[in-house]
Amino acid sequence: MAEMNDNKMIVDDNEPTTFGQPLSNFLLQLEDYTPTIPDAVTAHFLRNSGCDAKDPRLIRLISIAAQKFISDIANDALQHCKMRSSNSSSSHSSSKGSKGSKDRRYCLTMEDLIPALAEFGITIKKPHYYV
């Protein structure tokens, strides 16, 4: 177990570590990780929004947070697509033999993306001429 003693944390193996050490270890790991969203793209959008971030570790951290946000939205949209296709395949299963679930390929559509984005507070409405 860890004990706290004068702003230091003592771990079982009796090596004193400060509270900021896990954060500095994480920042060192950020230098080796390459996020999907390039740092130049993140820096561009930060400058356009009025934030002048000069520390590359901060830009990398924001890139990772944006990557996680996009990944969560895509995963939620995939779950909506799977639920929608399983509901439609169960009603059509008697008409044709369906492929195995491993061979199924999914396509990201607005029908799946709209409810996934709504969970994050983003509302999208199609223009009338696309309806």
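Parameters and conventions
Residues numbered from 1 in each chain as written. Predicted model: local features only at pLDDT ≥ 70, side-chain atom pairs only at ≥ 80, totals over all residues. Heavy atoms only, no water. Helix = DSSP H or I, 4+ residues; strand = E, 2+ residues; numbered from the N terminus. Buried < 20%, exposed > 50% of the residue type's maximum accessible area, 1.4 Å probe, protein only. Contact = heavy atoms within 4.5 Å. Areas by Shrake-Rupley, 256 points an atom, 1.4 Å probe, with all protein chains shown as cover. Core = buried A, V, L, I, M, F, W, Y, C linked by side-chain atoms within 4.5 Å. Phe/Tyr/Trp six-rings, centres within 6.5 Å; stacked < 30°, edge-to-face > 60°. Salt bridge = Lys/Arg side-chain N within 4 Å of Asp/Glu carboxyl O. Arc of directions from axis to C-beta. pLDDT = per-residue confidence, 0-100.

### A word on the overall build of the protein chain
Scanning the protein chain for helices and strands turns up 4 helices and 3 strands. When the helices and strands of the protein chain are read in sequence order from the N terminus, they spell out β-β-β-α-α-α-α. With 131 residues in all, the protein chain has 16% of them scored as buried. If you take every contact in the protein chain between residues at least 6 apart in sequence, the share linking residues at least 24 apart comes to 59%. Of the roughly 10,600 Å² that the protein chain leaves accessible, carbon and sulfur atoms contribute 57%.

### Points about the nonpolar core
Counting residues in each nonpolar core, the largest one holds 5 residues, listed as Ile73, Ala77, Leu113, Ala116 and Leu117. Of all the secondary structure elements, the ones that give two or more residues to this core are α3 (56-92) and α4 (110-118). Looking at which element gives the most residues to this core, the answer is α4, with 3 residues. Those residues in contact with Ala116 that sit more than four places away from it in its chain are Ile73, Asp76, Ala77 and His80.

### Notes on the packing of aromatic side chains
In the structure shown here, the tally under the stated rule is 1 aromatic pair. Ring geometry for Phe69 and Phe120: centres 5.4 Å apart, planes at 80 degrees, overall edge-to-face. Placement of the pair is Phe69 in helix α3 and Phe120 in the segment after α4, with a sequence separation of 51 residues.

### As for the pattern of salt bridges
Scanning all chains against the criterion turns up 6 salt bridges. The partner of Lys68 in a salt bridge is Asp72, with the nearest N and O atoms 2.8 Å apart. Residue Lys68 and its partner Asp72 are located together in helix α3, separated by 4 residues, close to a single helical turn. You can call Asp72 partly exposed: its relative accessible area is 25%. Two residues, Glu111 and Arg84, come together in a salt bridge whose shortest N-O distance is 3.6 Å. Of this pair, Glu111 sits in helix α4 while Arg84 sits in helix α3, and the two are 27 residues apart along the sequence.

### Here we look at helix α2 (residues 39-48)
Among all positions in α2, only Thr42, Ala43 and Leu46 are buried. The buried residues of α2 all sit within an arc of 100 degrees when viewed along its axis, so they share a single face. Every exposed residue of α2 that faces more than 90 degrees away from the buried side is listed here: Ala40, Phe45, Arg47 and Asn48. Where α2 terminates, the next one or two residues include Gly50, which has phi positive at roughly 100 degrees.

### Concerning the confidence of the model for the protein chain
With 76% of its residues at a pLDDT of at least 70, the protein chain reaches an overall mean of 81. For the protein chain, per-element mean pLDDT is lowest for strand β2 (residues 8-10), which scores 51, and highest for α2, which scores 95.

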